[in-house]
Each structure stands twice: as structure tokens, then as C-alpha cells.
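Geometric and topological summary
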Amino acid sequence: MSNKSVCPWWMGYLLLIPLRKLSQNPVKILKPYIKEGMTVIDYGCAMGYFSLPMAKMVGSTGKVYCFDIQEKMLQQLSARAEKAGLTENIKPMLITAEENTETLKSTADFALLFAVAHEVENQDELFARLAGMLKPKAQLLFAEPKGHVSLKAFKLSIQKAVKCGFTQKETLEIGKSFAVLLEKE
Ligand SMILES: C[S@@+](CC[C@H](N)C(=O)[O-])C[C@H]1O[C@@H](n2cnc3c(N)ncnc32)[C@H](O)[C@@H]1O
């Protein structure tokens, strides 16, 4: 998958600042959708601002598959997971080949795509990949940053998701973001 202006790896540290919780609290955002024992995806996870809270939410019987195209992001994610004692259920997945998403064929219960799609050149392929990894009726929380993405561009992305087999369920209120909950048909 080709990409455009990808967030540099050092920005990964800025995404972890505690102040972010005031507008984007991972537990508040994800609690309605993630339950213990689930297999979930954090797609474009960076250093795991969302992945670690997700791992706590799925517990020891669940798994969080954390996809990214930058190895440095995943190295920091792994270091943070180790420090938090969460290596058992956090699975860093470097996207270098189709196999990485093939391993999750229709088995995931939930996916998060937060502030990632605008960095991806081929969004049709992106949503098709996500659809391929999710179970039927599984949910995808899709959010984009208001500062970087226009409402028009966000709606265009939703249209691409719909073409790939997602239905829009509801609009979500998340700080500094456009956000929707999508469901795989
Ligand atoms: C702005 S960061 C957002 C990180 C995280 N979701 C968050 O909200 O803290 C975007 C991340 O998406 C990753 N990314 C960009 N293009 C990607 C692609 N095609 N597939 C997977 N990850 C990608 C980048 O490497 C970067 O870590």
C-alpha cells in the first residue's frame, strides 16, 4: 500500500502526551465497544496511545493486533507494552506484506482507525483490508483529525468504506475529530 505524508516516527511521542486524554480519552472512547476476551485491531497504532488501554480492556483472554508501517513506532509500542506487562495480548504487526492482514481473516471483533486514513493513498484498499479482517457485524470506529481533514474529505472516506461493505451506524462526538461508528455487513 503506498502512502502520502506519513506521520514521522518522532511524532509518535507527541501522540502519547497525557494532556491528550482531556479531549481523547481512550477508555471513554472505546469502553462501549470493547469487551473482555475480544480480538481487536488498532490499525495505524503508532506507539500505542490506544493499544495499551485496549489491551487492558480485552484482558488476558483477548488480543490486540497493532498494525503500522513504521518499525520504529512498533518498537516503542513493544517497549511500552513490556513495561506495562501487556506483551501477552499486544501483537505488533509491521505491514510489509499481505500476510499480516491475511492472518486475521474475518476473526476480529472490533477495529479502531484513528487519525490514519488521511495518510493512506489507497483508502479503498485500506477499508477492504479492514473489512477482510473483521467478523460480520463487527464494528469499526473511524476517526480523522479536524485540523488535517475537511468534513468533505471525511465523508468521501466514509463512502469508500461503504463501498467495501461497511454500514454507517452513528456519528460519534470525539474531541478535535470527525468520527463515526461503522459496521461490517
Ligand atoms: C497520526 S498517527 C495516529 C496514531 C494513532 N492511531 C493515534 O491516534 O495515536 C498515524 C499512524 O498511522 C500509520 N500509518 C500511515 N499509513 C499507514 C498504512 N498504510 N497502514 C498502517 N499504518 C499506517 C503511521 O505510521 C502512524 O503511526
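Before going into details, it helps to say that this report is about the structure given with it.

**Some details on the overall build of the chain**
Along the backbone of the chain there are seven helices and seven strands. Taken from N to C terminus, the helices and strands of the chain fall in the order α-α-β-α-β-α-β-α-β-α-β-α-β-β. For 185 residues, the compact-globule estimate of 2.2 N^0.38 gives 16 Å, and the chain sits close to it at 15 Å. Within the span of the chain, comprising 185 residues, buried residues form 42% of the whole. Pairs at least 24 residues apart make up 72% of the contacts formed inside the chain by residues separated by at least 6 positions.

**Notes on the site of the ligand**
As a structural note, the neighbourhood of the ligand is formed by 21 residues, with Cys7, Gly44, Ala46, Tyr49 and Glu119 the closest of them. By residue class, the composition of the shell around the ligand is 16 nonpolar, three polar and two charged.

**Here we look at unusual backbone geometry**
The phi angle at serine 106 is positive, at roughly 50°, despite the residue not being glycine. A residue is classified by how many C-beta atoms lie within 10 Å of it, and serine 106, with 12 of them, is exposed. A positive phi angle, close to 60°, is found at lysine 176, a residue other than glycine. The partly exposed category is assigned to lysine 176, around which 13 C-beta atoms lie within 10 Å.

**What about the pairing of strand 7 (residues 177-184)?**
Within strand 7, six of the eight residues are buried, which leaves the element mostly enclosed by the surrounding structure. Where strand 5 (residues 134-145) and strand 7 come together, seven bridges link them in antiparallel fashion. Its bridge partner being in strand 7, leucine 140 is matched across the sheet by leucine 182. As defined by bridge partners, strand 6 (residues 166-172) adjoins strand 7 across six bridges and the pair is classed as antiparallel. Considered in strand 7, the bridge of glutamine 168 is made with leucine 182.

**Overview of helix 3 (residues 51-58)**
Burial runs high along helix 3: seven of the eight residues are buried. If you check which residues of helix 3 are buried, you get Ser51, Leu52, Pro53, Met54, Ala55, Met57 and Val58. Against the buried residues of helix 3 lie helix 2 (26-30), strand 1 (39-43), strand 2 (63-68), helix 4 (71-83) and strand 3 (90-94). One or two residues past the end of helix 3 sits glycine 59, with phi positive at roughly 75°.

**Some thoughts on the nonpolar core**
With 55 residues, the main nonpolar core has Ala111, Leu113 and Leu130 as its most contacted residues. Excluding its chain neighbours within four sequence positions, the residues that come into contact with leucine 113 are Tyr43, Gly44, Leu130, Leu140 and Phe142.

Scoring rules and cut-offs
- Residues numbered from 1 in each chain as written.
- Predicted model: local features only at pLDDT ≥ 70, side-chain atom pairs only at ≥ 80, totals over all residues.
- Helix = DSSP H or I, 4+ residues; strand = E, 2+ residues; numbered from the N terminus.
- Rg over C-alpha atoms; globule rule 2.2 N^0.38 Å.
- Buried ≥ 20, exposed ≤ 12 C-beta atoms within 10 Å, placed from the backbone.
- Contact = placed C-beta atoms within 7 Å.
- Near = placed C-beta within 6 Å.
- Nonpolar A, V, L, I, M, F, W, Y, C, P; charged D, E, K, R; others polar.
- Pairing = 2+ DSSP bridges.
- Core = buried A, V, L, I, M, F, W, Y, C linked by C-beta atoms within 7 Å.

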